[in-house]
Amino acid sequence: MAKSTSIQKINEITRYGGECFLVDSTDLIYAESERLAKELNGYYMDQFTNAERATDWRGNNNIADSIFQQMKNEPHPVPSHLVMSAGTGGTSATLGRYIRYHQLDTELTVVDPEHSVFYDYFLTGNRTLTESRCGLIEGIGRPRVEPSFIAPVIDCMMRISDKESIATMLWLEKLIGRRVGASTGTNMMGVLKIAKKMHQKGQTGSIVTLLCDRGERYANSYYDKEWVAKYIGDISEQSLSVSDYLSTC
């Protein structure tokens, strides 16, 4: 994993008996994983290639089916929108395939952070795109187009800035009383932007997204004001924007 990974994540892996091999940036993990597999006589699982085929989207044992089952008793049981970010691309592939397989009237929007190639690939179709800069939103966004990222099952994509992600994450902590990660902030900013558009058009419906991980893993980064000021910058304008979205919705 990249050296920029939060120390809490690294410690948790170690606590469960895992050993972490740290590389300078995320684009180096593939070659290092293959090298280690050969050196240790192990097996390289290559989740970034195989994630989209690890789940049967036609069955009832997947995240998409769980979402729609949980929504059955809601006022708008079939969501107007599902919003999801992409790491391997496996989750968005499952959601998009499930929607199409069951012919549901739901639009899948994938939100992408800065310094990730998924958004540009969605627009251009160029699978050779790469990004040399390391993204700051852990768990989502990639420096290359992963084989598991299936663009044809996605209806829309948005680019969300790092400042928007952090500002929304901090707002959500206050709203629900628990800490979440920055990737959840990315998801929620996508939700707020869609909700604003729906409100302006006089549309009603439900919007569903996921809380990706616990915020306790980022006490030394996203929840540290000095770290945010140094690596993300001033987020006061984006914090006001979150309030603006809420006031118009």
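These numbers come from a predicted model, not from an experiment. (Residues numbered from 1 in each chain as written. Predicted model: local features only at pLDDT ≥ 70, side-chain atom pairs only at ≥ 80, totals over all residues. Heavy atoms only, no water.)

Caption draft 1: Main features of the pairing of strand β1 (residues 81-85). For β1, the tally of buried residues reaches five of five residues, placing the bulk of the element in the interior. Side chains His81, Val83 and Ser85 project from β1 onto one buried face, and the interleaved Leu82 and Met84 project onto a second face that is buried too. Two elements, β1 and strand β2 (residues 107-113), share five bridges in a ladder whose sense is parallel. In the sheet register, Met84 faces β2, and the bridge partner there is Val110. Note on the crossover from β1 through helix α5 (residues 90-101) to β2: the handedness is right-handed. Direction of pairing for β1 relative to strand β4 (residues 207-208): parallel, over a ladder of two bridges. Paired with His81 across the two strands is Ile207, which belongs to β4. (Buried < 20%, exposed > 50% of the residue type's maximum accessible area, 1.4 Å probe, protein only. Helix = DSSP H or I, 4+ residues; strand = E, 2+ residues; numbered from the N terminus. Pairing = 2+ DSSP bridges. Right-handed = clockwise from strand over helix to strand, strands pointing away.)

Caption draft 2: Inspection of α5 at higher detail. If you check α5, its first and last C-alpha atoms are 16 Å apart, about what 12 residues at 1.5 Å a residue would give, namely 16 Å. Extensive coverage of α5 is indicated by the burial of nine of its 12 residues. Listed in full, the buried residues belonging to α5 are Gly90, Ser92, Ala93, Thr94, Leu95, Gly96, Arg97, Tyr98 and Ile99. Packed against the buried residues of α5 are α4 (63-70), β1 and β2. Gln103 sits one or two residues past α5 and shows a positive phi near 55°. (Expected span 1.5 Å × (residues − 1). Contact = heavy atoms within 4.5 Å.)

Caption draft 3: Main features of the pattern of salt bridges. Enumeration over the complete set of coordinates arrives at 18 salt bridges. Across the salt bridge formed by Lys3 and Asp24, the nearest N and O atoms sit 2.8 Å from each other. Remark: Asp24 occurs in the loop between α1 (7-15) and α2 (29-39) and Lys3 occurs in the segment before α1; sequence separation between them is 21 residues. Across this residue pair, the class does not change: Lys3 and Asp24 are exposed. Across the pair Arg217 and Glu12 runs a salt bridge whose closest N-O atoms are separated by 3.6 Å. (Salt bridge = Lys/Arg side-chain N within 4 Å of Asp/Glu carboxyl O.)

Caption draft 4: Representation of the sheet that holds β4 within the structure. Taken together, four strands build an open sheet; the order of strands is β3-β2-β1-β4 and the sheet is parallel. The outermost strands of the open sheet, each flanked by one partner alone, are β3 (156-160) and β4.

Caption draft 5: Structural context of the state of the cysteines. As enumerated under the stated definition, the model contains zero disulfides in all. Cys20 takes part in no disulfide bond, and the closest cysteine sulfur, belonging to Cys134, lies 16 Å away. (Disulfide = S-S within 2.5 Å.)

Caption draft 6: Looking closely at the packing of α4 against α5. Where α4 contacts α5, the axes come no closer than 8 Å and their chain directions differ by 60°. When the axis of α4 is compared with that of α5, the two are oblique. For the pair α4 and α5, contact is made by Ile63, Ala64, Asp65, Ile67 and Phe68 and by Thr91, Thr94, Leu95, Tyr98 and Ile99, respectively. Residues belonging to the contact of α4 with α5 are distributed by class as follows: seven nonpolar, two polar and one charged. (Axes fitted to C-alpha atoms, helices over the stretch in contact; angles between N-to-C directions. Parallel < 35°, antiparallel > 145°, perpendicular 65-115°, else oblique. Nonpolar A, V, L, I, M, F, W, Y, C, P; charged D, E, K, R; others polar.)

Everything listed here is a matter of coordinates, which is why it stays silent on function.
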